[in-house]
Amino acid sequence: MLLVPPMKTLCMMAIASLTLAFPASAMDNALRAGLMKLDPQTRLEQRCDAEVLDRITHDDRKFKADRVVAYAFATPEMSADAIRSPGAAFRSKGQWYRLKFKCQTGPDHMDVLQLRYRIGDEIPEADWAKYNLYD
């Protein structure tokens, strides 16, 4: 499991929550500027996390996705402009679900060029702490 320093985690969570409020096509200049301040790998991860949450909520109205943990069950595989997360999880309406996704961005990691995802089973609440999932 990859541990992230507390300040970087806080920054990533703040950017992710801002990103969720704005779909890709509606990002304003302030949000873009905030994402551009992140290191490229973190920006790639945050942009793809936000996009997968937005797409899940848009594609299936029974979900209202508000959090994603890309590394819940497996370490994501990163390349220059893509992330493959075979062991992710997302939260919707207080419940966690397994998730797999692959996301490719442009070179600046601001524009999502391709995203594929698959929603898996609901994760029992008794397992949340084991996988660093929170309420």
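Residues numbered from 1 in each chain as written. Predicted model: local features only at pLDDT ≥ 70, side-chain atom pairs only at ≥ 80, totals over all residues. Heavy atoms only, no water.

Novice: Looking at this structure, how should I read the packing of aromatic side chains?
Specialist: Both the distance between ring centres and the angle between the ring planes are used here to describe each pair of aromatic rings. Counted according to the given criterion, the structure contains 5 aromatic pairs. Here F63 and F90 contribute two aromatic rings whose centre-to-centre distance is 5.3 Å and whose plane-to-plane angle is 75 degrees, an arrangement assigned as edge-to-face. One end of the pair, F63, is in the loop between helix 3 (40–59) and strand 1 (65–69); the other, F90, is in strand 3 (residues 82–92), with 27 residues separating them in the sequence. Seen in terms of ring centroids, F90 and Y97 are 5.3 Å apart; in terms of plane orientation they differ by 25 degrees. Their pairing is stacked. The exposure class assigned to F90 is buried, which follows from its relative accessible area of 0%. Y97 gets classed as buried once you look at its relative accessible area, which sits at 15%. (Phe/Tyr/Trp six-rings, centres within 6.5 Å; stacked < 30°, edge-to-face > 60°. Helix = DSSP H or I, 4+ residues; strand = E, 2+ residues; numbered from the N terminus. Buried < 20%, exposed > 50% of the residue type's maximum accessible area, 1.4 Å probe, protein only.)

Novice: What am I meant to see in the pattern of salt bridges here?
Specialist: Opposite charge on two side chains permits pairing when their charged atoms draw close. Inspection of every chain in the model, using the stated rule, returns 5 salt bridges. In this structure, the salt-bridge partner of D66 is R91, at a minimum N-O distance of 3.0 Å. Linking D66 in strand 1 with R91 in strand 3, this pair joins segments that are 25 residues apart in sequence. Residue classification places R91 among the buried positions, given a relative accessible area of 9%. The shortest N-O distance in the salt bridge between D127 and K130 comes to 3.9 Å. Given a relative accessible area of 24%, D127 falls into the partly exposed group. (Salt bridge = Lys/Arg side-chain N within 4 Å of Asp/Glu carboxyl O.)

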